[in-house]
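Structural overview
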Amino acid sequence: KGCTVNETDQEGNSCLHIAAAQGSNEILRMLLNAGAKVSAKNKAGYTSVELAVEQKHEATVEVLLEAIVAAGMDIDARYESRREQGQTLLMRASALGLTSTAAKLLALGADIAAKDANGKGVFDHTKEIKDEEKRAAVLALMAEYSVLCAVATGKADLVAAAVAKGCTVNETDQ
């Protein structure tokens, strides 16, 4: 009997889920090359990239984002787990202070204006960051795409740049 890279455990975690949660990039690449489904969800509703974000494995997220784009999947797909209530990868990356992941998502065209099931956007989720330096770094990154985030940095040059780029000045938080 043959092996399958999409085999799952009792929680519905595939080999890709487990490798992503561990941050095992070499194994991820092998599994993806062997046909592992990057879209697979476990019983809790998480994809492998969502598990990598939650574990703060930014290099792993980057590997999986390449596979997501190659598969033509939606970069703004919503988390289906109850805890995250319709958040996007960009919202979770922002809430966790993952600046590299947020930058990659923005470069791929992630929707900074999206709102979760509770009406919270990216700016609202940056409030979850406890470390002020990390929050400032995420806000500075987002400032290029959001006047609200630019204003939160307190830096006039970032606000001017966001306005000049055409970002909406009537954006509101939750």
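Reference entry: report on the structure contained in this document. The written sequence of each chain sets the order in which its residues are numbered from 1. In keeping with the model being predicted, local features are shown solely for residues with a pLDDT of at least 70 and side-chain atom pairs are shown and tallied solely at 80 or more, while totals for entire chains, interfaces and linings include all residues. To get the side-chain values, all heavy atoms of the structure are used, and hydrogens and water are removed first.

1. Focus: the layout of surface pockets
Test applied: Grid points spaced at 1 Å and placed over the protein atoms alone form the basis of the search, with a cavity being a set where a 1.4 Å probe fits but cannot get out and a pocket an open set showing protein on both sides within 12 Å along at least five of seven lines. Lining residues have an atom within 4 Å of a point. Grid points are joined across faces, edges and corners, and a volume is the space filled by probe spheres set on the points. Amino acid classes used here: Ala, Val, Leu, Ile, Met, Phe, Trp, Tyr, Cys and Pro are nonpolar; Asp, Glu, Lys and Arg are charged; the rest, including Gly, are polar.
The computed volume of the largest pocket comes to approximately 150 Å³. V38, K41, T47, V49, E50, I68, M73, D74, I75, A77, R78 and L89 are the residues that line the largest pocket. Per-class residue counts for the lining of the largest pocket are seven nonpolar, one polar and four charged.

2. Observations regarding helix α4 (residues 58-70)
Let me state the cut-off plainly: Secondary structure counts use DSSP, requiring at least four H or I residues in a row for a helix and at least two E residues in a row for a strand, with both numbered from the N terminus. To estimate the expected span of a helix, count its residues, drop one, and scale the result by 1.5 Å. Here's how the labels work: a residue is buried when its accessible area is under 20% of the maximum for its type, exposed when over 50%, partly exposed in between, all with a 1.4 Å probe on protein chains only. The contact rule is simple, with two residues in contact once any of their heavy atoms fall within 4.5 Å.
The terminal C-alpha atoms of α4 lie 18 Å apart, and with 13 residues this matches the ideal 18 Å at 1.5 Å per residue to within 8%. For α4, the complete set of buried residues consists of T60, V61, V63, L64, L65, A67 and I68. Among the structural elements, α1 (15-22), α2 (25-33), α3 (48-54), α5 (89-95) and α6 (99-107) are those in contact with the buried residues of α4. The positive-phi residue at the C-terminal boundary of α4 is G72, with phi of around 75 degrees.

3. What to know about the environment of K115
Among the secondary structure elements, K115 is positioned in the loop between α6 and α7 (122-126). Given a relative accessible area of 36%, K115 falls into the partly exposed group.

4. Some remarks on the pattern of salt bridges
Counted only if it meets this: Put simply, a salt bridge is a Lys or Arg side-chain nitrogen that is within 4 Å of an Asp or Glu carboxyl oxygen.
Under the counting rule described, the total for this entry stands at three salt bridges. Where E54 meets R92, a salt bridge forms, and the shortest distance between an N and an O atom there is 2.8 Å. Remark: R92 occurs in helix α5 and E54 occurs in helix α3; sequence separation between them is 38 residues. Residues E54 and R92 agree in their burial class; the two are buried. Between K127 and D124 there is a salt bridge whose closest N-O contact spans 3.8 Å. Classification of K127 by relative accessible area gives partly exposed; the value is 43%. Among the charged side chains, a network of salt bridges with common partners joins E54, R92 and E128.

5. Describing the nonpolar core
Quick reminder of the rule: Residue types Ala, Val, Leu, Ile, Met, Phe, Trp, Tyr and Cys, when buried and joined through side-chain atoms within 4.5 Å, form a set referred to as a nonpolar core.
Counting residues in each nonpolar core, the largest one holds 40 residues, and the members touching the most others are L64, L65, L90, L105 and M142. Beyond its immediate stretch of four places on either side in the chain, L65 contacts V49, I75, L89, K104, L105 and L108.

6. Topic: the side chain of D116
Heads up, the condition is: We count Lys and Arg on the positive side and Asp and Glu on the negative side, and we leave His and both chain ends out.
Mapping D116 onto the fold places it in the loop between α6 and α7. Buried within the structure, D116 lacks any salt-bridge partner; K120 is the closest side chain of opposite charge, at an N-O distance of 5.9 Å. Ignoring any residue separated from it by four or fewer positions in sequence, one finds D116 in contact with R78, Q85, G86, Q87, M91 and H125.

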